[in-house]
Amino acid sequence: MNWILNNLWIVPAVPFVSFWLVLFVGRRLPGKGSELGVGALGACWVLAVWAVVAWVRRPVAGTGADKLRHFIEHNYTWFSNGQVKITLGFHADGLAVCMLFVVSTISLLVHVYSLEYMRGDIRFTYFYAALSLFTCGMFVLVTAASTVQGLFGWELMGVCSFMLIGHWWEDQANSNAALKAFFTTRTGDVGLLVGISLLFFAAHQTFNWEAINQAALAGRVDHTLLFWGAVALMVAVIGKSAQFPLHTWLPDAMAGPTPVSALIHAATMVVAGVYLVARTYGVFWVAFSIGPHTHAHHGVNLLAVVGGVTIIIAALLAFVQDDIKKVLAYSTISQLGYMVMALASGAWVGGVFHLFTHAFFKACLFLGAGSVSHSGAHHSFDMKKEMGGLRKHMPITFATFVIASAALAGIFPLAGFWSKDEILLSAGRNGYVWFTVVGIIGAMLTAAYMTRCVYLTFLGEYRGHGHPHESNKLITVPLIILAVLSVSAGWLNAFGLHYFADWTRNEVFVAAKVQDYPFSLPLAGSALGLALVAAAVAGYFYVREEFKLRGFTERSALARAGRDFLVNKYYLDDLYTDGVVGSIKGPLAQGAYWFNQNVLDAVVNGVALTTRRVANFVYDDIDQLIIDGAVNGVGAGAGEGGVALRTLQNGRVQFYAAILFAAAALLGLGLVLFV
Amino acid sequence: MLLNEFLFLGAFLFCTGVYGALARKNAVLVLMSIELILNAVNINLVAFGAFRNNIAGQVFALFVIAVAAAEVGVGLAIVLIIYRNRRSVDITGVDLMRG
């Protein structure tokens, strides 16, 4: 039974193998590789369910607040450099198993959905290959035991996201969107690298996640280093999980096919950042002092602010979108803000539980939007121009969409109600009162914009140009499954049950003494009530057409300015493109170029020039004059000497005889005088 | 007679011979001068022999005479060849071995 938990490596391995198979032999198969993809994900789903069952049946250790199931971890040394060992390891615990289930379920449903949605697509095989690889990347992140391995999965997902968003790259806009997504998340990835490095050194040279968490919680880590490591990881979370201010890539990423949006940008990749915080919770708990502020009612930390701001601004932006996928994208950003805020205010179970439930209903919403576009709105996503009144033509899609929207808005007894209330309760009880307020406001806004979305899409009169009809079973069956999950997934932690909380409790949770609060009816009831009120107001605005706020933006300049501010997405895109990138491209690049040409090149050229001059001097003055002079002088001397001596050899015998006699005379003189 | 008188004679003849060997242009006259040198040496040898009552002086002088004779024979043969080739016995023109 425990085999799967001890061999968790097989879960990433299956889609990895299927990626290569689809890539190389997919084209030749009758289903063009899709059967391999679906088959592989089916196998993964079975393995994930097995892992869940095996985990749930593990013996519980400890009592009371210390109850938990011990994790299982296996590490294999990949290579070692001195004392540092880089290991490949697989860590099985409740969080990992929960994520495996979510990812494999949604990925499998997306694979099935794409059989119909992407039918006849120009790069059908590569689409399935990229989906497999992406799933593998997410599995690697989720089962990783070390930060380095998590980084590997993280980056793999970034690449696959790029490939999948830009699937229809023939259109420049799609390619730009893919690049924007990649670069924005890459900006965050710098933070990830810095964070991993800082934590490596902070935790006394280990990459192992459990070890880092335990070291942080035991106080063995320098607080400054821990804080900056957590801040760096937070930057990564902001990038990948589309928090303010790096959220701008997610709406543009809707340029990719809808199944991709459902898988990557609703349920799996964007929650990688949330998963990172949840996994590295010991570090964040200590670095940001997340613990319950029972004496001070105004708990606040950087991460919570980021999450809270994201919730509100994204929810506001969802009101002015005409594109249904963009509404859902901003909704995703807002819900990710919920998850991040939850984790930052000590609601670990709430944040992870919301991740779990959100995956199901958001995927259902996205796939529903895809169904509407595919069969109802002539492949368009514009709500105002091509949709409306689809309730009559697409009943199944309508039903599932409404159920999922209600779950998103947190209506009892659907999944979102339980997870959102867990967040609000824990945040409030831990002392983060303002963030509870932010959460409630966010819930109201969510209910309102989803009502708008449902109304524009399904109610009213059909405004489009196609022939709307219900979609194929391959599309509707996944929708139904997800709708059922949207209803029931929340029941794991509902009605007094604590299954989800119990199953995901881990060593970090216990060691940090993270608080888990039971259900509070007053808070949940009031939140629900406010959300219903907001939904009713929004509905009223749309249904009763003589409502006096209609045309408000035309009549009031202030309202129009506000609307323009929202439509232009707070001018953040302009800020990033013109401000940040433009200033780097323009003045900074020019400046760097000037510096390069005039300073650096001047130095290099100067060195070269000096060398040349020295060389010339050496050549002209030393080599030519002195050395050659000496050599030539010797030669000339020899020559002159020869010339001089040659006069002695004039061929005249009498001359020779004279020299002979002179020498003999001298010799004789010498002999006489000195001997 | 004193010894040094003979030696002076010999020296004088020697010098004359050396002058002639070195300064005459005519090859035959050079040979004659060389004979003069050899004869001066002979006078020296005989003088020393007589004054020392040693017959070796005269014996050596005989050797010198014989060698001189042979040498003149060869020398004149060379001069003859020079004359045949150059139509003149001007020794200053024979400088083909100049370097």
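Structure shown above.
This write-up is about the structure you can find in this document. (Residues numbered from 1 in each chain as written. Chains lettered and ligands numbered in written order. Predicted model: local features only at pLDDT ≥ 70, side-chain atom pairs only at ≥ 80, totals over all residues.)

1. Digging into the overall build of chain A
How we decide: Going along the chain from the N terminus, every DSSP run of H or I of four or more residues is numbered as a helix, and every run of E of two or more is numbered as a strand. In this description the radius of gyration comes from C-alpha coordinates, and the expected globular size is given by 2.2 Å times residues to the power 0.38. Once C-beta atoms are placed from the backbone, each residue is buried if 20 or more other C-beta atoms lie within 10 Å of its own, exposed if 12 or fewer, and partly exposed for counts between those two. By definition, residues are in contact whenever their C-beta atoms, placed on the basis of the backbone, come within 7 Å of each other.
Scanning chain A from terminus to terminus reveals 29 helices and two strands. Computed over the C-alpha atoms, the radius of gyration of chain A is 38 Å, more than 25% above the 26 Å expected from 2.2 N^0.38 for a compact globule of 675 residues. Taking the principal axes of its C-alpha atoms as reference, chain A extends roughly 150 × 65 × 60 Å. Here chain A, with 675 residues, has 50% of them falling under the buried criterion. The long-range fraction of contacts in chain A, counting pairs at least 24 apart against all pairs at least 6 apart in sequence, stands at 79%.

2. As for the overall build of chain B
Each helix and strand in chain B was counted, giving three helices and zero strands. Seen in sequence order, chain B has helices and strands lined up from the N terminus as α-α-α. Taking 13 Å as the expected radius of gyration for a compact globule of 99 residues, we find that chain B reaches 16 Å, considerably beyond that expectation. In terms of its C-alpha atoms, chain B occupies a principal-axis envelope of roughly 50 × 25 × 25 Å. Counted over contacts in chain B with a minimum sequence separation of 6, partners at least 24 positions apart contribute 45%.

3. Description of the interface of chain A and chain B
Cut-off, in case you're wondering: Residues are grouped as follows: Ala, Val, Leu, Ile, Met, Phe, Trp, Tyr, Cys and Pro are nonpolar; Asp, Glu, Lys and Arg are charged; all remaining types, including Gly, are polar.
With 10 residues of chain A at the contact, the number on the chain B side is 11 residues. Among the elements that line the side of chain A that touches chain B, the one with the most residues is helix H29 (residues 653-674) of chain A, at five residues. Tallied by class, residues from the side of chain A that touches chain B come to four nonpolar, four polar and two charged.

4. Considerations on the packing of H29(A) against helix H1 (residues 3-23) of chain B
What describes two packed helices is the angle between their axes and the distance between those same axes. As a reminder of what qualifies: Only C-alpha atoms enter the line fits that serve as axes; for helices the fit covers just the stretch in contact. Angles between N-to-C directions range over 0 to 180 degrees.
Orientation of H29(A) relative to H1(B), taken along the N-to-C sense of each, is 145°, at an axis distance of 8 Å. Residue-level contacts link Gln654(A), Ala657(A), Ala658(A) and Phe661(A) of H29(A) to Val18(B), Ala21(B) and Leu22(B) of H1(B). In terms of residue class, the contact of H29(A) with H1(B) is built from six nonpolar, one polar and no charged.

5. Re the nonpolar core
Residues and elements named next belong to chain A. Worth spelling out the cut-off: The term nonpolar core refers to a group of buried residues, namely Ala, Val, Leu, Ile, Met, Phe, Trp, Tyr and Cys, whose C-beta atoms join them within 7 Å.
Formed by 212 residues in total, the largest nonpolar core has its most connected members in Leu-100, Val-274, Phe-284, Val-340, Ala-363 and Cys-364. Looking at this core element by element, the count peaks at 16 residues for helix H16 (residues 348-375). Dropping the residues within four chain positions of it, Ala-363 is found in contact with Ile-106, Ala-262, Ala-266, Ala-267 and Leu-482.

6. A look at unusual backbone geometry
All names here are of chain A. At the junction of Phe-244 and Pro-245, the peptide bond is cis and its omega measures out at 0° in the coordinates. Topologically, Pro-245 is positioned in the loop between helix H9 (223-240) and helix H10 (249-252). Following Phe-412, the chain continues into Pro-413 via a peptide bond in cis, with omega recorded as -10°. Take Pro-413: it is sitting in the loop between helix H19 (395-409) and helix H20 (415-429). Phi at His-204 is positive, roughly 60°, even though this residue is not glycine. With respect to the secondary-structure elements, His-204 resides in the loop between helix H7 (172-202) and helix H8 (209-217).

7. Observations concerning the packing of H19(A) against helix H21 (residues 433-458) of chain A
Residue and element names in this part refer to chain A. Stated precisely, the cut-off is as follows: Roughly parallel refers to an angle under 35 degrees, roughly antiparallel to one over 145, roughly perpendicular to one between 65 and 115, and oblique to any angle outside these ranges.
The contact between H19 and H21 brings their axes to 9 Å, and the two run at 170°. By the angle between their axes, H19 is roughly antiparallel relative to H21. Contact residues: H19 offers Phe-398, Phe-401, Val-402, Ser-405, Leu-408 and Ala-409, while H21 offers Thr-446, Ala-447, Met-450, Val-454 and Phe-458. Looking at the contact of H19 with H21, its residues break down into nine nonpolar, two polar and no charged.

8. Description of the pairing of strand S2 (residues 84-92) of chain A
Residues and elements named next belong to chain A. The cut-off we apply is this: Paired strands, as defined in this entry, are two strands with at least two bridges between them according to DSSP.
With nine bridges connecting them, strand S1 (residues 72-81) and S2 associate as antiparallel partners. If you follow Glu-73 over to S2, its bridge partner there is His-91. A loop of two residues connects S1 with S2, the two strands running antiparallel in sequence, and Gly-82 in this loop sits at a positive phi of about 70°.

9. Notes on H16(A)
All names here are of chain A. What counts is decided by this rule: Every helix has an expected span of 1.5 Å times one less than the residues it contains. Axes are fitted to the seven residues ending at a residue and to the seven starting at it; the angle between these axes is taken as the bend at that residue.
Under the 1.5 Å per step criterion, the end-to-end length of H16 is 40 Å for 28 residues, consistent within 8% with the ideal 40 Å. Taking the largest bend as the criterion, H16 deviates by roughly 30°, centred on His-358. Most of H16 is tucked away: 28 of the 28 residues are buried.

10. Things to note about the environment of His467(A)
Residues and elements named next belong to chain A. Assignment of secondary structure puts His-467 in the loop between H21 and helix H22 (473-488). His-467 sits in the exposed class, given 10 other C-beta atoms within 10 Å. In sequence terms His-467 and Gly-273 are 194 residues apart; their C-alpha atoms lie 41 Å from each other.

11. Regarding the environment of Trp503(A)
Residues and elements named next belong to chain A. By secondary structure assignment, the location of Trp-503 is in helix H23 (residues 499-504). According to the C-beta neighbour criterion, Trp-503 is buried, with 22 such atoms within 10 Å. With residues up to four places along the chain from it excluded, the contact list for Trp-503 reads Trp-55, Val-56 and Gly-94.

12. Some points on the environment of Val537(A)
All names here are of chain A. Within the element layout of this structure, Val-537 appears in helix H25 (residues 521-543). When the 15 C-beta atoms within 10 Å are taken as the criterion, Val-537 is described as partly exposed. Considering only alpha carbons, one finds Val-537 and Asp-421, 116 residues apart in sequence, at a separation of 22 Å.

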